[in-house]
Amino acid sequence: MTSAPPTTADDAPKAADPPPKPGSWALLRPLTLRLHFYAGLFVAPFLLVAAVTGFLYATSFQAEKILFADEMTVSAVGDAKLPISEQVTAAREAHPEGSVAAVRPSPADDATTRVLLSGVKGVSPDHTLAVFVDPYTGKVEGALEQYGSTGALPLRTWISEFHRNLHLGETGRLYSEFAASWLWVIAGAGLVLWFTRRRARRKVRGTEGRRRTLGLHATVGVWAALGFFFLSVTGLTWSTYAGASIDDLRGSLGQTTPSVSAAAGGDHSGHGAAASTGAAEHGVGLDKVLAAARAEGLGDPVEIVPPADASSAYVVKQIQRSWPEKQDAVAVDPATGQVTDVLRFDDYPVLAKLTRWGIDLHTGTLFGLANQIVLMLVALALILLIVWGYRMWWMRGRGNAFGRPIPRGAWQKVPPQILLPCVAVIAVLGYFVPLLGIPLAAFLVVDVALGEIAHRRQSRA
């Protein structure tokens with residue numbers, strides 16, 4: 001019987017190598033998944049309202065042209081347009097109520113002139129009554145309530161206010177700010193989950209059930225993420241609380257939006273002329289004022305604002321929000337007809353220009369119909385993502401456990417060197433975007449409390 005050869009050190013079995021430590025993304029993934037799940041679950045109803053109303057708003061531009069074609073266009077193009085003063089006189093004869101707040105001369109051959117009246121009974125104080133006048137004949141084609149610098153008529157105004165504040169005034173604006181504050185967070189977390197997910201599990205083709213829904217949700221979300229980020233950021237620029245923080249930041253950097261001075265001296269420190277509370281004609285009159293503005297290069301479309309008082313000037317400003325934007329403005333002395341101040345859009349600070357472009361792109365005016373179609377597609381994508389998200393929550397349940405939540409404790413697996421900088425960034429963002437920070441802090445308090453209650457119940461069992 002032969003004995004086995006002695007085992008050498010080289011032949012001895014080696015201990016298995018320790019498993020590789022997970023990377024930073026892998027450690028953050030469970031925490032990101034929990035954030036994406038709960039934020040999507042609770043914020044989705046607000047996002048759904050914003051998406052549906054945003055979709056309708058994008059369609060309202062074209063619908064408005066069809067619905068109010070009789071008021072907005074002339075029945076026949078004439079040889080020459082009447083002086084602006086005569087058109088205003090015709091409007092005042094038909095509608096003597098209120099006072100002239102502004103005049104928008106016909107910007108195209110087939111377009112009517114709008115004479116905007118403020119202080120009209122039955123019209124909201126922050127709206128005007130737009131009287132539409134045929135510039136060739138002086139015939140009044142109708143009158144409609146108008147809102148905002150883009151000249152929104154009743155249909156677009158109603159949808160716009162529903163999208164912005166649910167017709168609940170300033171309090172209702174919190175809903176849209178809440179949605180905008182969280183949209184970029186949900187989209188960003190979704191991107192992180194998509195990029196950290198194994199490539200084989202991103203496929204949609206050949207899958208079914210919850211996995212197919214997940215694939216559709218992820219794919220559409222990735223393609224639409226840039227649009228979500230843009231809508232979120234631009235939506236916050238004119239929100240109540242985050243918007244105030246942005247305004248303060250722009251002010252500290254000297255990047256506020258300038259406005260032409262309506263004072264006789266004329267400097268850019270003014271904040272624009274107030275709406276006139278008197279008649280439209282002052283001093284030299286509307287026609288000479290418009291001629292002076294034309295001489296300074298202000299082409300259509302323009303708006304003429306009468307002097308606010310005896311010491312103020314006329315303000316004529318371009319109101320084109322489509323590309324290329326026309327936002328130049330001049331002040332004209334009513335006594336002499338001389339231009340006292342000129343403000344060019346080219347002279348706006350960089351952040352003021354970016355804010356203007358961002359808002360106009362957000363509202364669908366910057367690139368016209370193409371802009372509006374893209375907004376409709378982004379809104380539709382958000383609606384689909386919300387539906388698929390709730391469907392995945394439904395399908396996640398097993399037996400009677402409908403919509404099982406993501407387990408707690410994900411943050412405990414994240415190393416302090418990663419967790420602490422993340423907490424600091426979130427704290428800073430929460431301070432400047434309070435409708436992100438306050439709900440997140442409230443959720444954490446409730447979640448910790450529920451976790452502690454569950455832990456104590458298990459300990460007693």
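Everything discussed here concerns the structure shown above.
### Description of the overall build of the protein
- Helix and strand counts for the protein come out as 12 helices and 8 strands.
- Out of the 461 residues belonging to the protein, those deemed buried represent 44%.
- Excluding contacts between residues fewer than 6 apart, the proportion of contacts in the protein whose partners are at least 24 apart in sequence is 62%.
- Carbon together with sulfur atoms contributes 63% to the accessible area of the protein, which is approximately 25,200 Å² in total.

### Structural notes on the pattern of salt bridges
- This structure, assessed with the given rule, holds 9 salt bridges.
- Ionic pairing is found between R156 and E64, a salt bridge with its closest N-O pair at 3.2 Å. Within this pair, whereas R156 is found in helix 4 (residues 154-165), its partner E64 is found in helix 1 (residues 24-67), the two being separated by 92 residues in sequence. The two residues R156 and E64 agree in class, both being buried.
- Note that R344 is salt-bridged to D328, the shortest N-O span being 3.2 Å. Note that R344 is positioned in the loop between strand 8 (339-343) and helix 9 (350-362) and D328 in the loop between strand 6 (314-318) and strand 7 (329-332), a separation of 16 residues in sequence.
- With relative accessibility at 15%, the residue D328 sits in the buried group.
- Where salt bridges share partners, they join R104, E303 and K317 into one cluster.

### With respect to helix 12 (residues 434-460)
- For helix 12, with 27 residues, the first-to-last C-alpha span of 39 Å sits near the 39 Å given by 1.5 Å per residue.
- All buried positions along helix 12 are accounted for by P434, L435, L436, G437, L440 and D447.

### Concerning the packing of aromatic side chains
- All chains considered together, the criterion is met by 13 aromatic pairs.
- When the ring of Y38 is compared with that of F443, the centres are 5.2 Å apart and the planes differ by 45°; the resulting orientation is tilted. With Y38 in helix 1 and F443 in helix 12, this pair connects stretches of sequence that are 405 residues apart.
- Look at Y38 and you get buried, because its relative accessible area is 15%.
- Look at F443 and you get partly exposed, because its relative accessible area is 25%.
- Pairing F345 with W357 gives two aromatic rings, centres 6.1 Å apart and planes at 70°, and the pair type is edge-to-face. Separated by 12 residues along the polypeptide, F345 in the loop between strand 8 and helix 9 and W357 in helix 9 bring together distant segments of the chain.

### Looking at the packing of helix 6 (residues 209-237) against helix 10 (residues 368-396)
- Put simply, helix 6 and helix 10 touch, their axes get as near as 8 Å, and they point 145° apart. Of the two possible hands of crossing, helix 6 and helix 10 adopt the one that is left-handed. Only L375, V378, A381, L382, L385, W388, G389, R391, M392, M395 and R396 of helix 10 make contact with helix 6, whose side of the interface consists of G209, R210, T213, L214, L216, H217, V220, G221, A224, G227, F228 and L231.
- Its residues assigned to classes, the contact of helix 6 with helix 10 shows 14 nonpolar, 6 polar and 3 charged.

### Brief notes about the pairing of strand 1 (residues 99-104)
- Burial within strand 1 is extensive, with 6 of its 6 residues counted as buried.
- Relative to strand 2 (residues 113-118), strand 1 runs antiparallel, the two sharing 5 bridges. Each residue of the ladder has a partner; that of S99, found in strand 2, is S118.

Calculation notes
- Residues numbered from 1 in each chain as written.
- Predicted model: local features only at pLDDT ≥ 70, side-chain atom pairs only at ≥ 80, totals over all residues.
- Heavy atoms only, no water.
- Helix = DSSP H or I, 4+ residues; strand = E, 2+ residues; numbered from the N terminus.
- Buried < 20%, exposed > 50% of the residue type's maximum accessible area, 1.4 Å probe, protein only.
- Contact = heavy atoms within 4.5 Å.
- Areas by Shrake-Rupley, 256 points an atom, 1.4 Å probe, with all protein chains shown as cover.
- Salt bridge = Lys/Arg side-chain N within 4 Å of Asp/Glu carboxyl O.
- Expected span 1.5 Å × (residues − 1).
- Phe/Tyr/Trp six-rings, centres within 6.5 Å; stacked < 30°, edge-to-face > 60°.
- Axes fitted to C-alpha atoms, helices over the stretch in contact; angles between N-to-C directions.
- Left-handed = near helix turned anticlockwise from the far one by under 90°.
- Nonpolar A, V, L, I, M, F, W, Y, C, P; charged D, E, K, R; others polar.
- Pairing = 2+ DSSP bridges.

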